[in-house]
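# Examination of the molecular architecture
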Amino acid sequence: MTELPFLLDVLPQVHRDRLLALARDSSFPPGRRLFDEGGQADRFWLIRSGEVVLDLYVPGRPPPVVETIGPGQLLGWSWLFPPYRWHLGAQALGAVDAWEFPADQVRALCTADPALGHQLTLRCAEVIAERLQATRIRLLDLYAPRPGTP
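These lines cover the structure that appears in this document, whether it is placed above or below. Every value quoted in this text rests on a predicted model; they were computed, and no experiment measured them. (Residues numbered from 1 in each chain as written. Predicted model: local features only at pLDDT ≥ 70, side-chain atom pairs only at ≥ 80, totals over all residues. Heavy atoms only, no water.)

### Section: the sheet that holds strand 4 (residues 52–55)
Put simply, the test is: If DSSP finds at least two bridges between two strands, the strands pair. For helices the rule is a DSSP run of H or I covering at least 4 residues; for strands it is a run of E covering at least 2, with both sets numbered from the N terminus onward. For helices, the fitted line uses only the C-alpha atoms of the stretch in contact; every axis is such a line through C-alpha atoms, and the angle between N-to-C directions lies from 0 to 180 degrees.
With antiparallel pairing, the 4 strands of this open sheet are ordered in space as 2-7-4-5. Each having just a single partner strand, strand 2 (33–35) and strand 5 (65–69) make up the two edges of the open sheet. Neighbour-to-neighbour, the strand axes of this sheet turn through a mean angle of 25°, independent of strand direction. Pairing geometry for strand 2 and strand 7 (residues 89–92), over 2 bridges, is antiparallel. Within strand 7, the residue paired with Arg33 across the bridge is Gln91.

### Digging into the pattern of salt bridges
Applied cut-off: When a carboxyl oxygen of Asp or Glu is within 4 Å of a side-chain nitrogen of Lys or Arg, the pair counts as a salt bridge. Relative accessible area decides the class of each residue, using a 1.4 Å probe on protein chains only: under 20% of the type maximum gives buried, over 50% gives exposed, and in between gives partly exposed.
Within the structure shown, the criterion is met by 8 salt bridges. The salt bridge partner of Asp36 is Arg33, with a shortest N-O separation of 2.6 Å. One salt bridge connects Arg43 with Glu100, and the closest N-O pair in it is separated by 3.0 Å. Taken together, the residues span a long stretch of sequence, with Arg43 in strand 3 (residues 43–49) and Glu100 in strand 8 (residues 96–102) at a distance of 57 residues. The class of Arg43 is partly exposed, set by a relative accessible area of 27%.

Here it is in structure tokens:
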């Protein structure tokens, strides 16, 4: 990928380098469950290739897909805010390659470098807003009354 992932594209080179120093290569086969809603959010990923579906737990129903994310996108934002629990679930749609980041080390880096922490938090907030909107639209689509029904 020649384009920088969304999370990194506005960071100065020095901040990118510090953040990427914490990354490790990670791969997932098709169908692999990466995390479940409510589980401990102790890491996050920047997708390099492949796609991941985000889903929502709905009792008594298969989990509806809220969004599909792919190359250049952030997977996971729940690591940034206590109580550090996933707000959605995630599953690899196909083979996925990503950079994986340890949440505790990234939070420590953000505390040590407030300018980096501020930029990272702003980028994550943009992702959160997009995901909440996508979830809202998907739930309206799934559960809105159909024409002709009371």
